[in-house]
Amino acid sequence: MTPNTVRRSALAILYYLEYIHGKKKDCLKEEEYYRKSLEALPVGENTLNNLGYSLYKQRKFKEAQSVFEDCLRQNRDVRYAANNLVRTLLAQGKNGEAQRVIQEHERFVSKDL
């Protein structure tokens, strides 16, 4: 096996561990594996947003807000991160900030929010 093959296999295992723990609603383990995935592949698609969503599910709203804001600053996972940031702000009672995000990222924010 080449080093590249080993790395891809390790990333696939981390992905399945994230997924399994998310389905089991074990958000602490899910968060742990998203963080490990980001260490292994910092630009992994949707990983940063998914970490934020795991934090949101744990009601770690300040941390989740920071992660979603990072997504938007880095122009990563914008479609999901914008919605998730609005949800997180609303959960904290930050309605004005949520409205600002909706205006700034209107094309990405769901009309259902």
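Residues numbered from 1 in each chain as written. Predicted model: local features only at pLDDT ≥ 70, side-chain atom pairs only at ≥ 80, totals over all residues. Heavy atoms only, no water.

Asker: Outline helix α1 (residues 3–23), supporting the account with residue identities and numerical values.
Answerer: Along an α-helix, residues three or four apart share an orientation, since each turn contains 3.6 residues. The end-to-end C-alpha distance of α1, which contains 21 residues, comes to 30 Å, matching closely the 30 Å that a straight helix rising 1.5 Å per residue would cover. Close packing links the buried residues of α1 with α2 (27–40). Directly after α1, the chain includes K25, whose backbone phi takes a positive value near 60 degrees. (Helix = DSSP H or I, 4+ residues; strand = E, 2+ residues; numbered from the N terminus. Expected span 1.5 Å × (residues − 1). Contact = heavy atoms within 4.5 Å.)

Asker: Lay out unusual backbone geometry in plain terms, naming residues and giving numbers.
Answerer: Excluding glycine, residues mostly carry a negative phi; peptide bonds, for their part, are mostly trans. The backbone of K25 sits at a positive phi, close to 60 degrees, despite the residue not being glycine. With respect to the element layout, K25 can be found in the loop between α1 and α2. The phi dihedral of D77 falls on the positive side, at around 50 degrees, and the residue is not glycine. If you trace the backbone, D77 turns up in the loop between α4 (61–73) and α5 (78–91).

Asker: If you had to explain the nonpolar core to someone new, which residues and values would you point to?
Answerer: Among the nonpolar cores identified, the biggest contains 19 residues, and L51, L72 and L85 are the most heavily contacted of them. Elements represented by at least two residues in this core include exactly α2, α3 (47–57), α4, α5 and α6 (95–104). Element by element, the count of residues in this core is highest for α5, at six residues. In contact with L51, other than residues within four places in its own chain, are E31, Y34, R35, L38 and V67. (Core = buried A, V, L, I, M, F, W, Y, C linked by side-chain atoms within 4.5 Å. Buried < 20%, exposed > 50% of the residue type's maximum accessible area, 1.4 Å probe, protein only.)

Shape descriptors only; they carry no functional weight alone.
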